[in-house]
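In case you want the letters, here they are:
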Amino acid sequence: MESKKYDLIFITTFVVNDLVENLVSSIIESNTKVNLLLLVVCQNGNLIDDWNSENISVKTLSVSFMLSLSSARNLAIRYILENNIEASHVMFPDDDSTFDYSFFDRYHSCASEGVNYIVDIYCTNTNVLLKKHKFIFGKTLSYLDWGAACSVNMLISFDTFLKVGFFDEKLGVGTHYGAGEDNDYFIRSCYSSNGFIYNDSLYNYHPASKWKYKQCSVKQLVVRFNNYGKGVVYCLCKHHLYYDAFIVCMRALGGGIKSLLLLKINYSIAYFNSSISRFSILISSVLRCKKKNA
């Protein structure tokens, strides 16, 4: 595979066997036109088979322990760099993402080399957007549109991919800051390029959230809300977007007040707890910045 150039590189991490098999199957069954490399980071001894056809290569990278999401992605990025692999674009689909023929049939006509894109995500087997927005086709997105980004909707030019480098391993699932890695990567990609173009001609699928808040204990709600809040606030403060970080903090506080008024006590506790952790990160980040600039 050394020194080979692909149209697309997909990087994903193996978490659930049935899901990653669905991802691989959707690519194999739908893609006849795009020269694609799928890199799958297999953890905890889990394995899938390598697979090759005329235009698709499935390559597994195996580790015997569990990595954080950002560390697992970085393992694949390092493999690409060390083996001189090139492509026109890179994506980071989740293991429960799927694609249909339209993505691969339209790729060459819809995606220009050297350009970054934000694409749509639909709930699996529906025409309902997973991540709703009000963008119009062709809109240019800057780092200030960080909220639009998630791993499965970024189509990143290889030039930008090389400039951005690795994911921040302080962020993401499996870390102290359990989210925000995709927002951070998006912001850094914008800094390293002319931003992203919204293109609704390309899309993929992702299951709607299966997390049932009503069935969660207070502890589960607190952990989930804290993971998201801490990661996003830390990411925004890292990039000196303090006003945006303040708004994220206030949303948690507002959610706590609203839930209390509606007598949704579990939600209220989770939101208030999350607001405390978010404000704590924001205040400590501002103080560090002032101390550094003093």
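Quick look at the structure, then. All figures in this text were calculated on a predicted structure; none of them were measured in a lab.

Looking only at helices and strands, one finds 8 helices and 9 strands in the protein. Here the protein has a C-alpha radius of gyration of 20 Å; the compact-globule value for 294 residues is 19 Å, and the two agree. Projected onto the principal axes, the alpha-carbon positions of the protein cover approximately 60 × 45 × 40 Å. The proportion of buried residues among the 294 residues of the protein is 52%. The contacts in the protein between residues at least 6 apart in sequence include a share of 74% that link residues at least 24 apart. Summing over all exposed atoms, the protein offers an accessible surface of approximately 14,400 Å²; the carbon and sulfur share of this is 54%. Here the protein contributes 29 positive and 26 negative side-chain charges, whose respective centroids are spaced 14 Å apart.

Take the pattern of salt bridges next. Scanning the entire structure with this criterion turns up 8 salt bridges. We note a salt bridge from Lys5 to Glu113, for which the minimum N-O separation is 2.8 Å. One end of the pair, Lys5, is in strand S1 (residues 5-14); the other, Glu113, is in the loop between helix H3 (101-110) and strand S6 (116-123), with 108 residues separating them in the sequence. We classify Glu113 as exposed; its relative accessible area is 54%. A salt bridge links Asp184 to Arg188; the nearest nitrogen and oxygen atoms lie 2.9 Å apart. Residue Asp184 and its partner Arg188 are both found in helix H5 (residues 181-191); the two are separated by 4 residues, about one turn of the helix. Residues joined by salt bridges that share partners form a network here, namely Arg73, Asp94, Glu181 and Asp182.

With that settled, the discussion passes to the packing of H5 against helix H6 (residues 218-238). The N-to-C vectors of H5 and H6 enclose an angle of 20°; their axes lie 9 Å apart at closest approach. Between H5 and H6, the angle is such that the two are roughly parallel. Note on packing geometry: the crossing formed by H5 with H6 is right-handed. Judged by residue contacts, Asn183, Asp184, Ile187 and Arg188 of H5 engage Val232, Cys235 and Lys238 from H6. Across the contact of H5 with H6, the residue classes break down as 3 nonpolar, 1 polar and 3 charged.

Here we come to the packing of aromatic side chains. Taken as a whole and judged by the stated rule, the model has 19 aromatic pairs. Judged by centre distance (5.3 Å) and plane angle (80°), the rings of Phe103 and Phe104 are edge-to-face. Of the two residues, Phe103 and Phe104, neither departs from the other in class, the shared state being buried. Aromatic pair Tyr122 and Tyr203: ring centres 5.3 Å apart, planes at 90°, arrangement edge-to-face. Taken together, the residues Tyr122 in strand S6 and Tyr203 in strand S9 (residues 196-206) connect sequence positions 81 residues apart. Here the aromatic residues Phe10, Phe99, Phe103 and Phe104 are joined through ring pairs into a cluster of three or more. The positively charged end of Arg73 is found above the aromatic ring belonging to Phe167, 4.9 Å away from the centroid.

Reading the values: rules and limits
- Residues numbered from 1 in each chain as written.
- Predicted model: local features only at pLDDT ≥ 70, side-chain atom pairs only at ≥ 80, totals over all residues.
- Heavy atoms only, no water.
- Helix = DSSP H or I, 4+ residues; strand = E, 2+ residues; numbered from the N terminus.
- Rg over C-alpha atoms; globule rule 2.2 N^0.38 Å.
- Buried < 20%, exposed > 50% of the residue type's maximum accessible area, 1.4 Å probe, protein only.
- Contact = heavy atoms within 4.5 Å.
- Areas by Shrake-Rupley, 256 points an atom, 1.4 Å probe, with all protein chains shown as cover.
- Lys, Arg positive; Asp, Glu negative; His and termini not counted.
- Charge placed at Lys NZ, Arg CZ, Asp CG, Glu CD.
- Salt bridge = Lys/Arg side-chain N within 4 Å of Asp/Glu carboxyl O.
- Axes fitted to C-alpha atoms, helices over the stretch in contact; angles between N-to-C directions.
- Parallel < 35°, antiparallel > 145°, perpendicular 65-115°, else oblique.
- Left-handed = near helix turned anticlockwise from the far one by under 90°.
- Nonpolar A, V, L, I, M, F, W, Y, C, P; charged D, E, K, R; others polar.
- Phe/Tyr/Trp six-rings, centres within 6.5 Å; stacked < 30°, edge-to-face > 60°.
- Lys NZ or Arg CZ within 6 Å of the ring centre and 35° of its normal.

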